[in-house]
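# Topology and contacts: notes
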Amino acid sequence: MRRPPRPSAALGGGRSPSGGRVTVRVNGRRRNLPEGATVADAVRLLGVGREEIGVAAAVDGDVVPRDAWGRTPLREGTAVEVVRAAAGG
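Predicted model, so just to flag it, every value in this text is computed and none were measured. Numbers given to residues run from 1 along each chain, matching the order in which its sequence is written. Where totals are concerned, whole chains, interfaces and linings use all residues; where local detail is concerned, this predicted model gives features only for residues with pLDDT of at least 70, and gives and counts side-chain atom pairs only at 80 or more. Only hydrogens and water are removed before side-chain values are computed, so all heavy atoms of the structure are retained for them.

## Quick look at the side chain of threonine 23
Rules: Secondary structure counts use DSSP, requiring at least four H or I residues in a row for a helix and at least two E residues in a row for a strand, with both numbered from the N terminus. Burial classes follow relative accessibility: with a 1.4 Å probe on protein chains only, a residue under 20% of its type's maximum area counts as buried, one over 50% as exposed, and anything between as partly exposed. The contact criterion used is simple: two residues touch if any of their non-hydrogen atoms lie within 4.5 Å.
With respect to the helices and strands, threonine 23 occurs in strand S1 (residues 21-26). Among the residues examined, threonine 23 registers a relative accessible area of 18% and is labelled buried. Once you skip the residues sitting within four places of it in the chain, threonine 23 turns out to touch Arg30, Arg31, Asn32, Arg75, Glu76, Gly77 and Thr78.

Below you can see the structure in the form of C-alpha cells.
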C-alpha cells in the first residue's frame, strides 16, 4: 500500500526544512521559534506578561490587535516588533 504524498511546506502543511522551527526577528534580534509559533509566543519570549498593559506588537510593520496575538502565526523571515509604553516626559 502506498503512502499518500506529504503536504508541501509551501502550502502550509508538513514540517519545514529547518526541522519544525522558523527563524524570525524579534525587536531586531534573530530568534528560532517552534513551527506554529504566534505573536503571543514572541511577546512572551520578551518576558511580557499576558495581562500587562501598554504593550503593542507589529508583524512586518502591521500592528496586530492584542486579541489576535494568539492566532497570528509567525512565518520564516517575519519581523516582529514589540513595544511598551513608558510613562513620563
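So much for the structure itself; the text now carries on.
## Digging into the pairing of S1
For clarity, the threshold we go by: Whether two strands pair comes down to DSSP finding at least two bridges between them.
In this sheet, strand S2 (residues 29-34) lies alongside S1 in antiparallel orientation, the contact comprising 6 bridges. From the neighbouring strand, valine 22 faces S2, where its bridge partner is leucine 33. What sits between the antiparallel neighbours S1 and S2 is a turn of 2 residues, in which asparagine 27 has the positive phi angle 50 degrees. Sheet analysis places S1 next to strand S5 (residues 79-84), joined by 2 bridges and oriented parallel. For arginine 25, the partnering residue across the bridge sits in S5 and is alanine 79.

## Points about the environment of arginine 31
Inspection of the secondary structure assignment puts arginine 31 in strand S2. On a C-alpha basis, the gap between arginine 31 and glycine 77 in space is 10.0 Å, while along the polypeptide they are 46 residues apart. Other than its neighbours up to four places away in sequence, arginine 31 contacts Val22, Thr23, Val24, Val26, Leu45 and Leu46.

## Considering the confidence of the model for the chain
Short version of the rule: A score between 0 and 100, pLDDT records how confident the predictor is in each residue.
The predicted model of the chain has a mean per-residue pLDDT of 84, with 78% of residues at 70 or higher. Counting contacts from residues 3-15, a segment whose pLDDT is below 50, to residues more than four positions away or on other chains yields 8 contacts.

## Some details on the nonpolar core
We apply this condition: By convention a nonpolar core is built from buried Ala, Val, Leu, Ile, Met, Phe, Trp, Tyr and Cys residues, the set being connected through side-chain atoms within 4.5 Å.
Counting residues in each nonpolar core, the largest one holds 19 residues, and the members touching the most others are Val39, Val43, Trp69, Leu74 and Val80. At the level of elements, S1, helix H1 (39-45), strand S3 (55-59) and S5 are the ones that each hand at least two residues to this core. Per-element tally for this core: the top contributor is H1, with 4 residues.

## Quick word on the pattern of salt bridges
What counts is decided by this rule: One side-chain nitrogen of Lys or Arg within 4 Å of one carboxyl oxygen of Asp or Glu is enough to make a salt bridge.
Within this structure, the stated rule accounts for 2 salt bridges. With a closest N to O distance of 2.4 Å, aspartate 41 and arginine 44 form a salt bridge. With aspartate 41 and arginine 44 both in helix H1 and 3 residues apart, the pair spans about one turn of that helix. Given a relative accessible area of 27%, aspartate 41 falls into the partly exposed group. When its relative accessible area of 45% is taken as the criterion, arginine 44 is described as partly exposed. Note that glutamate 52 is salt-bridged to arginine 84, the shortest N-O span being 3.6 Å. Here arginine 84 lies in strand S5 and glutamate 52 lies in the loop between H1 and S3, a separation of 32 residues in the sequence. Residue classification places glutamate 52 among the partly exposed positions, given a relative accessible area of 28%.

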